[in-house]
Every structure is written in structure tokens, then in C-alpha cells.
Amino acid sequence: MSESTELGEFLRARRELVQPSDVGLRVGGLRRVTGLRREEVAMLAGISADYYLRLEQGRDRNPSVQVLTALAGVFQLDDEATEHLVRLGQPASGRTAKPRIRREVAPESIRQLLGVLGLPAFVESRALDVLATNDLATALNPSLAVGRNRLRDVFLDRDERALYPDWSRLLPGIVANFRAAIGTDTDDPRVVQLVGELSLASDEFRRLWARHDVRAGQGGTTQYRHPQVGDLTLRREKLGIRGTDGQLLVILHAADDADSAGLLRLLGTLSVGVAAAPEVDALEADADRPGRVGG
């Protein structure tokens, strides 16, 4: 996908999400468009309607930062989404080149840390692939295993969905996190493969992907309904790993919730002494999981 197409799709998606009343416009009668009209966006941003049309159609490939910032104001974007829009407006030659990594591996020191941390923790790539994990993380959620993909599992794995009482509320956030993580690097083969697979397999993913929401994952609270220990609430802390291409160390903990802390300790006790299956067996079992699509 060219940068001009990316920019046009982003502008169109965000325009359709803003209602006239959101920006102080009074309209009457029947409207045949979803969200704002192009002419209304242009008026609010202080540019010509023809110029805005060229931006949406990808016929203008060098908009100024001032124009893009004005459009961000019309679409009521936050700072992060505004920065994303400005990056989309840059020619590909002006973007910071990022190395292509065919097979990502978590740093050895981080993998050692996972083994002694005493809390559920794992490493995820920019594409949300699980690169490293510890026993307590897989005891909490078997999908937190090396080789799995967080985005694919939350949309396609029935067992994964059953683990979250508020599963449907998690979906917009994880898609927005994914967009923020990959930035403008949508032509990465791994990203293309993953988005294509999910777009074919999940109507919900296709709908959320089309919104172009962008929000970096800075942690938060997740509720779990664990089949062994019951309901617990854990906080997610996401820490960037220096020297990698956007890898994150994700740590789960009970914060100030005494009940969840006790259940987490119980889960750790239950997981002690459970023999790890050989890697080849784990991969075969993963391929046979209900809801598993692709590899």
C-alpha cells in the first residue's frame, strides 16, 4: 500500500466517524453520508474542497504539517493519532527506515529475567507475536506461548475469548494498539499476512481495522475468568526493550487487589511441578486448537 493510499484511507475513515454536531455544525434534512461531508471538513480545516478531495484520493502526496494538523483538529484526534497522521503525510523517503527482521528473538537477558520474575510476564513484538514467556504466564493463559500471536488469538480462538468476561470491550483497544505499534510500516510482510488473515476470518476485526484508531498500549487493567482459580483482576505494565525493533516486556500483577494477589499465588502453586511439554508437542497442540487459523 502506498503512502498516499494510506493517508487517504485514514482521512476517509476518520471523517466518517465525526458527526456534524461534534464540530458545532447545524444541519437539517436527510444526509446521505456517514459523518462529515468532504466540503465540511475542508471548510473547518481552512482549505479548499478540491484540495481535500485530492488528499483523500491520494492525488496530493506532500501536504504540509499545518494542513495535517488542522485536519487532526477537525477529526478531534489526540496527540498520538495526530502524530500518526503527520507521519502518513510524509513521503516514504522521508520516513525513518526500520530494519526488517525475519525472525525476531527476545534478548537473552530478558528471557533470563522472565524465569526469575515471579509474576506472569512475556515479550511481544510490534506485530504482537509472543517471543518469550514464563511458566506463570502460560498457567494464566495458555495462549501466552512462544509462536502465538495476541491479535489472532483474541479474534479467532474460542478458548482465549472465554478467558475474558469483557472480551468484546478489549477488541477496539488491541486493534488500536496494533496500529500504533506498526505505525506506517503497513507493508511489512508479517503485518500484511496477519491483517489479510484476520480480515478474511473476522468481520469484527475488519470493522475495527477500518476505523484507523491509533492508541499505544501503555498498560491497563484486565479481568480474567480462569478455569482453575476463578475471577481475578490484573494490571498490565508494558515496558519497551532497548535495542529491539519495538519489542515490549509485558508484566501482569495484582496491584492493590488482595483477592487477586492471593489467586495469583495459588495459580503459581498449581503450576509448580507441572512438566513442560516438548516444544514439538506444544506446536502440534497449538495447530489443533479450536479457532486456530494459520500459523
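Quick caveat, the model's predicted, so the values are computed rather than measured.

A. Region of interest: the packing of aromatic side chains. Counted under the stated rule, the structure contains 4 aromatic pairs. Ring centres 5.4 Å apart and planes at 85 degrees place the aromatic pair Phe 155 and Phe 205 in the edge-to-face group. With Phe 155 in helix α8 (residues 150-156) and Phe 205 in helix α12 (residues 203-211), this residue pair connects regions lying 50 residues apart in the sequence. Assessed through its relative accessible area of 6%, Phe 155 is described here as buried.

B. Looking closely at the pairing of strand β1 (residues 121-124). Burial along β1 is two-sided: the face carrying Ala 121 and Val 123 and the face carrying Phe 122 and Glu 124 are both buried. Sheet topology note: the β1/strand β2 (residues 130-133) ladder contains 3 bridges and is antiparallel. Opposite Val 123, over in β2, you have Ala 132 as the bridge partner. The hairpin formed by β1 and β2 contains 5 residues between the paired strands, and Leu 128 there has a positive phi angle of roughly 70 degrees.

C. Fine view of the environment of Val 23. Position of Val 23 among the secondary structure elements: in the loop between α1 (3-17) and α2 (38-45). Taking relative accessible area as the criterion, Val 23 reaches 22% and is therefore assigned partly exposed. Each C-alpha atom of the pair Val 23 and Phe 75 lies 8.6 Å from the other, and the pair is 52 residues apart in sequence. In this view, Val 23 contacts Val 18, Leu 36, Leu 44, Val 74 and Gln 76; residues no more than four positions away in its chain are not counted.

Parameters and conventions
Residues numbered from 1 in each chain as written. Predicted model: local features only at pLDDT ≥ 70, side-chain atom pairs only at ≥ 80, totals over all residues. Heavy atoms only, no water. Phe/Tyr/Trp six-rings, centres within 6.5 Å; stacked < 30°, edge-to-face > 60°. Helix = DSSP H or I, 4+ residues; strand = E, 2+ residues; numbered from the N terminus. Buried < 20%, exposed > 50% of the residue type's maximum accessible area, 1.4 Å probe, protein only. Pairing = 2+ DSSP bridges. Contact = heavy atoms within 4.5 Å.

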